[in-house]
Protein chains: 2
Amino acid sequence: MGRPRTPLIDRERITTAALELIDETGDFGMVRVARRLGVQTGSLYHHVQGRDGVIELVRARLASAIRTEMFAELPWDEAMAAWARSYRAAFAAHPRVIPLVMISPVRSPLVLAQYEQAVRSLLESGFAMNDVMKVIIAMDNLVMGSALDLAAPDTMWEPADHTSTPLLAQALAVEPEGRGDAAFELALDACLTRFRTMAGDGGTAA
Amino acid sequence: MGRPRTPLIDRERITTAALELIDETGDFGMVRVARRLGVQTGSLYHHVQGRDGVIELVRARLASAIRTEMFAELPWDEAMAAWARSYRAAFAAHPRVIPLVMISPVRSPLVLAQYEQAVRSLLESGFAMNDVMKVIIAMDNLVMGSALDLAAPDTMWEPADHTSTPLLAQALAVEPEGRGDAAFELALDACLTRFRTMAGDGGTAA
């Protein structure tokens, strides 16, 4: 019958193992990834370019759930809202990945292509070239912060008693369901409203 | 001469050890904190209430650099801008703390008192009670995402070549110095502009 043709490891399995380690411990190491897969550490290097390469695989895994095809189909602001919502959902499922990808340069071809789509949409909508990255980074930051918040516990403020924070207690008491969604949508709407004043600008906004 | 009066460990030293571990590895454990301090793990529990207690000490350490006294002195929007800027700077110095504090409930009296100040300022400025937490959480999310970005490398997008992402390459080429600051200020201004329409609202904004 011969040996099974499936290799013991491949990039998908390496990605899954690293993602599990990050979810559990906040980080990963090549040795721990190899141990989890039951292989020698050196074998990993036949498949990935070290730690940075693994971070890019994890980034690409999460980004594969992010929708950017709308940038070619919808007005830039509708596309950006859909992008931001799917982007937030993708990373909220793995909040501890967030600091790792945010402090490591983007090299994943898939993710770079997603940014290219966003840049093209903004340029075609008349944004000034030197405003484009500012707008995209502002959205990135809002999305990542809001993704972390989506992973927060339902009760985020827990005073020992409310005597020293009576107004916070009142504000928390009337907090509606889905506070995280409402806060995200409020900031998203605020940003898109501001960005609309920059579309068709052709010059430099402040 | 007697023994030195300084105890081997105290809350400050525990906080420092945990913060160092988080900066280095993305997380901490009670055993590793004790090992770093050269004490038995059990000794830690005379000073802190377990892992959650240590997270609160770390949160309070960083929050001690956040300015909220302006909420009693300045118009709410100026105070909120100053709060957001100092808040971002405090956490940007320790980006890997961010996911830990964002997925753990706030119990630090210092931090709760800071939120109380913000809530009071917004209520006195006429924000509706059920808008207050939404506004504060929106700012929290923007600040934390932008703090992570401040810890990012200068060159954040690194295509292998620019042939498949020509527009991204152009947008990056004209990116000004301090892209992170400009993106943060843009989103901050967008949010404050939107929030101003809610001040004095007394009712419920969308």
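Please refer to the structure placed before this passage.
Read on for an overview of the structure. Predicted model only: the values in this text are computed from it and were never measured. (Residues numbered from 1 in each chain as written. Chains lettered and ligands numbered in written order. Predicted model: local features only at pLDDT ≥ 70, side-chain atom pairs only at ≥ 80, totals over all residues. Heavy atoms only, no water.)

### Details of the overall build of chain A
Inference 1: Along the backbone of chain A there are ten helices and zero strands.
Inference 2: For 206 residues, the compact-globule formula gives about 17 Å, and the C-alpha radius of gyration of chain A, at 21 Å, lies well above that figure.
Inference 3: By principal-axis analysis of the C-alpha atoms, chain A measures approximately 65 × 55 × 30 Å.
Inference 4: The proportion of buried residues among the 206 residues of chain A is 55%.
Inference 5: The long-range share in chain A, meaning contacts at least 24 apart out of those at least 6 apart in sequence, stands at 72%.
Inference 6: Counting every atom, chain A has about 9,000 Å² of accessible surface; 52% of that belongs to carbon and sulfur. (Helix = DSSP H or I, 4+ residues; strand = E, 2+ residues; numbered from the N terminus. Rg over C-alpha atoms; globule rule 2.2 N^0.38 Å. Buried < 20%, exposed > 50% of the residue type's maximum accessible area, 1.4 Å probe, protein only. Contact = heavy atoms within 4.5 Å. Areas by Shrake-Rupley, 256 points an atom, 1.4 Å probe, with all protein chains shown as cover.)

### Remarks on the relation of the copies chain A and chain B
Inference 1: When chain A is fitted to chain B, the residual RMSD is 0.0 Å, and the transformation amounts to a turn of 180 degrees plus an axial shift of 0.0 Å. What we have between these two chains is a two-fold relation. Scanning chain A for the C-alpha nearest the rotation axis identifies Gly145 of chain A, at a separation of 2.0 Å.
Inference 2: When the interface residues of chain A are mapped onto chain B, 100% of them again lie at the interface, so the same face is used by both copies. (Least-squares fit on C-alpha atoms with pLDDT ≥ 70 in both.)

### Thoughts on helix α1 (residues 11-25) of chain A
Residue and element names in this part refer to chain A.
Inference 1: Compared with the 21 Å implied by 1.5 Å per residue over 15 residues, the 21 Å span of α1 between its first and last C-alpha is a close match.
Inference 2: By the burial criterion, the buried members of α1 are Ile14, Thr15, Ala17, Ala18, Leu19, Leu21 and Ile22.
Inference 3: Buried residues along α1 sit against α2 (30-37), α3 (41-44), α4 (50-63) and α6 (98-102).
Inference 4: At the N-terminal boundary of α1, the capping side chain belongs to Asp10, with an oxygen 3.1 Å from the backbone nitrogen of Glu12. (Expected span 1.5 Å × (residues − 1). Polar contact = N/O pair within 3.5 Å; in protein donor to acceptor, adjacent residues only side chain to side chain.)

### Brief notes about the side chain of Glu116 of chain B
Inference 1: The topology assignment puts Glu116 of chain B in helix α7 (residues 109-124).
Inference 2: Residues contacting Glu116 of chain B, with those up to four places away along its chain left out, are Ser164, Thr165, Pro166, Leu167 and Leu168 of chain A.

### Quick look at the packing of aromatic side chains
Inference 1: The final tally for this structure, using the stated rule, is ten aromatic pairs over all chains.
Inference 2: When the centroid spacing of 5.3 Å and the interplanar angle of 75 degrees are considered together, the rings of Tyr115 of chain A and Trp157 of chain B count as edge-to-face. With Tyr115 of chain A in helix α7 (residues 109-124) and Trp157 of chain B in the loop between α8 (129-150) and α9 (166-173), this residue pair bridges two chains. Residues Tyr115 of chain A and Trp157 of chain B agree in their burial class; the two are buried.
Inference 3: An angle of 65 degrees between the planes, with centres 5.6 Å apart, marks the rings of Tyr87 of chain B and Phe91 of chain B as edge-to-face. (Phe/Tyr/Trp six-rings, centres within 6.5 Å; stacked < 30°, edge-to-face > 60°.)

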